[in-house]
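Listed below are the residues making up each chain.
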Amino acid sequence: MKLDYTPHNMADVEVKIVTKLFEMLEGEGTWVPKMVDDGGDDYVPVTTWSEALEVIDSVEWSALFVTDGIQTSWVALIHGNGRDLVSDYSCRDPRFEALMERHADWIETLTED
């Protein structure tokens, strides 16, 4: 997956982290974007990773909700934290938790821009 996107509020390393997460979720073949909590009073429905990134980049913090068609899982993102962008995530689904652990391992390989 290649997202051509110019960030407005996110640091380059944060965009890398989010797009890698999208790639990993899509690579599992089951997870699709459902909505983004925009950090305010709105849950914004999204159907593509590009739409999700646009909403995530437009606020200071957000929660991405993804679904496998059965269960919904979430990831909390707080901008300005660089490599620590991923603040928290749901752990109800062992497959999702394992994916997030692999994502965290990948983040550890990054250097700050």
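In this text the structure is predicted, and so the values were computed from the model without any measurement.

Cut-offs and rules
- Residues numbered from 1 in each chain as written.
- Predicted model: local features only at pLDDT ≥ 70, side-chain atom pairs only at ≥ 80, totals over all residues.
- Heavy atoms only, no water.
- Pairing = 2+ DSSP bridges.
- Helix = DSSP H or I, 4+ residues; strand = E, 2+ residues; numbered from the N terminus.
- Axes fitted to C-alpha atoms, helices over the stretch in contact; angles between N-to-C directions.
- Contact = heavy atoms within 4.5 Å.
- Core = buried A, V, L, I, M, F, W, Y, C linked by side-chain atoms within 4.5 Å.
- Buried < 20%, exposed > 50% of the residue type's maximum accessible area, 1.4 Å probe, protein only.
- Lys, Arg positive; Asp, Glu negative; His and termini not counted.
- Salt bridge = Lys/Arg side-chain N within 4 Å of Asp/Glu carboxyl O.
- Polar contact = N/O pair within 3.5 Å; in protein donor to acceptor, adjacent residues only side chain to side chain.
- Parallel < 35°, antiparallel > 145°, perpendicular 65-115°, else oblique.
- Left-handed = near helix turned anticlockwise from the far one by under 90°.
- Nonpolar A, V, L, I, M, F, W, Y, C, P; charged D, E, K, R; others polar.

A. Summary view of the sheet that holds strand β3 (residues 61-67). Spatial strand order, β2-β1-β3-β4-β5: five strands in an open sheet with antiparallel pairing. Taken across any chain shown, the strands that pair with only one partner, and hence form the sheet edges, are β2 (43-45) and β5 (86-89). Neighbour to neighbour, the strand axes of the sheet diverge by 25° on average, direction disregarded. Pairing of strand β1 (residues 32-37) with β3 involves five bridges; the strand directions are antiparallel. What sits directly across from D37, in β3, is A63. Helix α1 (residues 12-27) contacts β3, β4 (72-78) and β5 of the sheet and is inclined by roughly 10° relative to β3. Most of the contacts of helix α3 (residues 94-107) go to β5, to which it runs at about 165°, and overall it touches β3, β4 and β5.

B. Region of the structure containing the nonpolar core. Judged by nonpolar contacts, the single largest core of 27 residues is most densely connected at V18, F22, L25, I56 and L64. Elements represented by at least two residues in this core include exactly α1, α2 (49-57), β3, β4 and α3. The greatest single-element share of this core, amounting to eight residues, is contributed by α1. Once residues lying within four places of it in the same chain are set aside, the contact partners of L25 are W31, W49, L64, V66, F96 and L99.

C. Focus on the side chain of E14. For E14, the location among the structural elements is in helix α1. Summary of buried charges: E14 has no salt-bridge partner, and the nearest side chain of opposite charge, R83, is 11 Å away. Within the structure, E14 has its side chain in polar contact with the backbone nitrogen of G80 (distance 2.7 Å). In this structure, E14 is in contact with I78, H79, G80, N81, G82 and L85, ignoring residues within four places of it in sequence.

D. Structural detail: the packing of α1 against α2. In the contact formed by α1 and α2, the axes pass within 11 Å of each other and the chain directions differ by 150°. With respect to α2, the axis of α1 lies roughly antiparallel. Like other packed secondary-structure pairs, α1 and α2 cross with a definite hand, here right-handed. Of α2, the residues touching α1 (which contributes V18, T19, F22, L25 and E26) are W49, A52, L53 and I56. Grouping the amino acids of the contact of α1 with α2 by side-chain chemistry returns seven nonpolar, one polar and one charged.

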